[in-house]
Number of protein chains: 2
Amino acid sequence: MSLTPHPIDRRQNAAQQIHRQLRDWIITGQLKTGAILSEPRLADLFGISRTPIREAMKKLEEESLLDIFPQVGSMVAPIEIDIVRDSQFIRETLEVRTIELATENVTSSNIATLRGIIERQRVLVEAKDPHGFFVADDELHDTFMRIAGRPSVWSLLTTTNAHLNRVRYLSLEDLSWLRMVFEEHCDIVEAVAAHDVDRATHSMRDHLRSVLAAVERVAIAYPEYFKQENETAKSLS
Amino acid sequence: MSLTPHPIDRRQNAAQQIHRQLRDWIITGQLKTGAILSEPRLADLFGISRTPIREAMKKLEEESLLDIFPQVGSMVAPIEIDIVRDSQFIRETLEVRTIELATENVTSSNIATLRGIIERQRVLVEAKDPHGFFVADDELHDTFMRIAGRPSVWSLLTTTNAHLNRVRYLSLEDLSWLRMVFEEHCDIVEAVAAHDVDRATHSMRDHLRSVLAAVERVAIAYPEYFKQENETAKSLS
DNA sequence: AAAAGGATACTTGTATACTACCATGTCTCT
DNA sequence: AGAGACATGGTAGTATACAAGTATCCTTTT
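Worth saying up front: this structure is predicted, and the values here are computed from it rather than measured.

## Some words on the relation of the copies chain B and chain A
Thought 1: The transform that puts chain B on chain A rotates by 180° and translates by 0.0 Å along the axis, for an RMSD of 0.0 Å. On this basis, the relationship between the two copies can be described by a two-fold rotation axis.
Thought 2: When the interface residues of chain B are mapped onto chain A, 100% of them are again interface residues, pointing to one common binding face.

## A closer look at the protein's contact with DNA strand D
Thought 1: Around DNA strand D, 22 residues are found, and the nearest of them are Arg50 and Arg54 of chain A together with Arg10, Ser49 and Thr51 of chain B.
Thought 2: Near the protein, meaning within 4 Å, the atoms of DNA strand D are sugar or phosphate in a fraction of 63%, with bases accounting for the rest.
Thought 3: A distance of 2.9 Å separates a base oxygen of DNA strand D from a polar side-chain atom of Arg50 of chain A.
Thought 4: Gln71 of chain B has a polar backbone atom sitting 3.5 Å from a base nitrogen of DNA strand D.

## Comments concerning helix 7 (residues 151–160) of chain A
Thought 1: Those residues of helix 7 of chain A lying buried are Val153, Trp154, Leu156 and Leu157 of chain A. One side of helix 7 of chain A holds all its buried residues, which, seen down the axis, span an arc of 155°.

## Some remarks on the pattern of salt bridges
Thought 1: A complete count under the given rule lists 38 salt bridges over all chains for this structure.
Thought 2: Across the salt bridge formed by Glu55 of chain A and Lys58 of chain B, the nearest N and O atoms sit 3.8 Å from each other. A residue pair is termed interchain when its members come from two chains, as with Glu55 of chain A in helix 3 (residues 50–62) and Lys58 of chain B in helix 3 (residues 50–62).
Thought 3: Arg97 of chain A is the salt-bridge partner of Glu100 of chain A, the closest N and O atoms lying 3.4 Å from each other.

## Thoughts on the pairing of strand 2 (residues 66–69) of chain A
Residues and elements named next belong to chain A.
Thought 1: The pairing of strand 2 with strand 3 (residues 73–76) spans four bridges and is classified as antiparallel. Counted as the bridge partner of Ile68 is Ser74 from strand 3.
Thought 2: Connecting strand 2 to the next strand, strand 3, in antiparallel fashion are three residues, including Gln71 with a positive phi near 65°.

## Things to note about the domain arrangement of chain A
Residue and element names in this part refer to chain A.
Thought 1: Domain annotation of chain A identifies domain 1 (14–77) and domain 2 (81–223).
Thought 2: Each side of the interface is counted separately: domain 1 has nine residues, and domain 2 has nine residues.
Thought 3: Buried area between domain 1 and domain 2, summed over both chains or domains, comes out near 760 Å², and the portion from carbon and sulfur atoms is 58%.
Thought 4: On the domain 1 side of the contact with domain 2, Ile27, Thr28 and Glu63 bury the most area, a combined 55% of that side's loss.
Thought 5: Connecting domain 1 to domain 2 are zero salt bridges.
Thought 6: Taken together, the connections running from domain 1 to domain 2 amount to three residue pairs in polar contact (both at pLDDT 80 or more).
Thought 7: Within the side of domain 1 that touches domain 2, the residues separate by chemical class into five nonpolar, three polar and one charged.

Parameters at a glance
- Residues numbered from 1 in each chain as written.
- Chains lettered and ligands numbered in written order.
- Predicted model: local features only at pLDDT ≥ 70, side-chain atom pairs only at ≥ 80, totals over all residues.
- Heavy atoms only, no water.
- Least-squares fit on C-alpha atoms with pLDDT ≥ 70 in both.
- Contact = heavy atoms within 4.5 Å.
- Near = heavy atom within 4 Å.
- Polar contact = N/O pair within 3.5 Å; in protein donor to acceptor, adjacent residues only side chain to side chain.
- Buried < 20%, exposed > 50% of the residue type's maximum accessible area, 1.4 Å probe, protein only.
- Helix = DSSP H or I, 4+ residues; strand = E, 2+ residues; numbered from the N terminus.
- Arc of directions from axis to C-beta.
- Salt bridge = Lys/Arg side-chain N within 4 Å of Asp/Glu carboxyl O.
- Pairing = 2+ DSSP bridges.
- Domains from an automatic or database assignment.
- Buried area = accessible area lost by both parts, 1.4 Å probe.
- Nonpolar A, V, L, I, M, F, W, Y, C, P; charged D, E, K, R; others polar.

And the structure:
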């Protein structure tokens, strides 16, 4: 797989560091659907024993980022459109409700923070940096949750909506799409700043629906990442 | 701790069986807040090695049912009211939206299923069986999610809202409360059967809010389960 | 008597050995 | 030539050994 692993800090929990690294590799596509992960090989790669590797892989399986077939092998799971749709439903439901609360609670200091993020995103869009934008996108939504007084909701969504996040990451590779997403962010922030609950919730819903619309496009542009219905079982050799 | 473990089926994944058993013990209060779990002791109890025990405990920690202090020990986590409130927010948001969909989609065969569950609950209430009712309660909400076409939402809530579920279980010990919860279930089902979206969503919201109201009562009736603010760190011996 | 210090027994984290099982390729028999 | 038995290498699941850290208690010292 020839990836360069971040060195392990032996003073901290190794399994956690491995897990973060592997999850990043999968979501950013450095580990693609179908890639084979073997406990002993990863142990060699990271220069560590199988046990922490195993714990990390178990976590990935729970996030359904990895399929573990006992006695056979493990491979990066295909993106399943059905799971993406369910994730989208959960995200939309929670986030529309949250933006409502955020708009009611927002302070002028909050607004300054939001506009600061927007300005950073503007720079990233002009620099054509999808990866940086992806991170700043997460930060924006996280900030909304914090303003609403529900910071735990975002952490729930990040751990639970991994499939959706893979699609989001892929979709941002398209620069015109990136610009559109950015415009939508501006809309939402301005609606929140204006204390306009209706406009904020509608903008947010439209925004999230457009993310969902990206699924179809991404599934065609990157078919190798997705589960193909009548595909024969992949060989693991 | 003197609990009688369910025997392990060696043909299936041991860690998973252990995890289910331990989670049940915690949610049903057979393992109380502060109870000490040690990997080697549990390994002896189940007649199995530390590795699967360890995996199960890791999962419990992710559900924040267990606090693991490296090199020190592990104990059943106290119920944190803040976490319960956040869980409640997530549950209410998702479930009110879901009951809306369920009411729109419901078929007459669905209605028969729902009324069947209600009748079983009626028997359990009369038999004063809080544990049986708890299981049937879960089943009812799960059924709503399935009717709405979002079965994955319920599995998300069960894994993610463990703290809330501990409170729910404790609250049902009060028989008059049990009866009230049952009445609310009847209301919701009849509203769904009448295809009355407004009444269904309002009944569901009221129902879930009353669960939240139980928190205060339960926190007073069972203070030993909850995190006390100015409590000194518990001894692990 | 009180406080400082260290031995001890416990904990979880990590490493490694062993087991049961599966996929694959080869070799033999029909 | 084709089909089936079988050896082989690889996998995750489990068991156990080792390491590093911490709380406790007892000893020693002041």
